[in-house]
Amino acid sequence: MLIIRIIIYSLIFLGASLIGILVSKKYANRVRELREFKSGLHMFKTKMRFTYEPIPDIFQEISKGLNSNIGTVFSIASNNMKLLTAGRAWELAIENTRLLNINEEDKKALQNLSRLLGKTDVQGQVSQIEITESILDEQITKAEIDRKRSEKMYRSLGMIIGLAIVIILL
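Residues numbered from 1 in each chain as written. Predicted model: local features only at pLDDT ≥ 70, side-chain atom pairs only at ≥ 80, totals over all residues. Heavy atoms only, no water.

(A) Structural view of the nonpolar core. Counting residues in each nonpolar core, the largest one holds 31 residues, and the members touching the most others are Phe 37, Phe 44, Ile 55, Phe 59, Phe 74 and Trp 90. It is helix H1 (residues 2-50) that provides the largest number of residues to this core, a total of six residues. (Core = buried A, V, L, I, M, F, W, Y, C linked by side-chain atoms within 4.5 Å. Buried < 20%, exposed > 50% of the residue type's maximum accessible area, 1.4 Å probe, protein only. Helix = DSSP H or I, 4+ residues; strand = E, 2+ residues; numbered from the N terminus.)

This is the structure in structure tokens:
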């Protein structure tokens, strides 16, 4: 009977700790995803300047070269461009992707790109991409600060809550 209780208490402690670790991972994933978006936008800017390919084709190529979640956003935007304008397709792709760890402020920064996407000449679009990249730099800095502050806290909190539950049950 004692062994079963020890196993149950251990599982409760490990479960709470795991939840804390999973919550803390969201902060690290947010930083990684913002960097991948920036990388994707840099690829987009380079292809836009030098290849003059249509935006849907560029987005499809970018989607193949990026992480599955970020690549999915570019792929969805590319597919949406069959029916919608480039700007609206990008905006909807950012809005409707639930798998991302980015917050609302990050989404707005990314949707900023949709203003001139497909509406101006190449130089105007490249300028808009550069503006979005600079905004993403600020968001990455904020995300790094949040990660440093919150990651350790949530890990510790998970362990403390698990330990507290075990002590209460004893």
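Next comes the rest of the write-up.
(B) Structural context of the side chain of Asp 106. The topology assignment puts Asp 106 in helix H5 (residues 104-111). For Asp 106, a relative accessible area of 0% puts it in the buried group.

(C) Examining the packing of helix H3 (residues 68-80) against helix H4 (residues 86-95) more closely. Where H3 meets H4, the closest approach of the two axes is 8 Å, and the angle between their N-to-C directions is 140 degrees. Classified by the angle their axes make, H3 and H4 are oblique. When the axes of H3 and H4 are compared, the crossing they make is right-handed. Together, Val 73, Phe 74, Ile 76, Ala 77 and Asn 80 of H3 and Ala 89, Trp 90, Leu 92, Ala 93 and Ile 94 of H4 make up the contact between the two elements. Classifying every residue of the contact of H3 with H4 gives nine nonpolar, one polar and no charged. (Axes fitted to C-alpha atoms, helices over the stretch in contact; angles between N-to-C directions. Parallel < 35°, antiparallel > 145°, perpendicular 65-115°, else oblique. Left-handed = near helix turned anticlockwise from the far one by under 90°. Contact = heavy atoms within 4.5 Å. Nonpolar A, V, L, I, M, F, W, Y, C, P; charged D, E, K, R; others polar.)

(D) Representation of the packing of H4 against H5. It is the contact of H4 with H5, at a shortest axis distance of 9 Å, that shows an interaxial angle of 165 degrees. Taken together, the axes of H4 and H5 lie roughly antiparallel to each other. Along this stretch, H4 crosses H5, giving a crossing that reads as right-handed. Contacts between H4 and H5 involve Trp 90, Glu 91, Ile 94 and Glu 95 on the former and, on the latter, Lys 107, Leu 110 and Gln 111. For the contact of H4 with H5, the class distribution of residues is three nonpolar, one polar and three charged.

Such coordinate-based values are descriptive only and should not be taken to indicate function.
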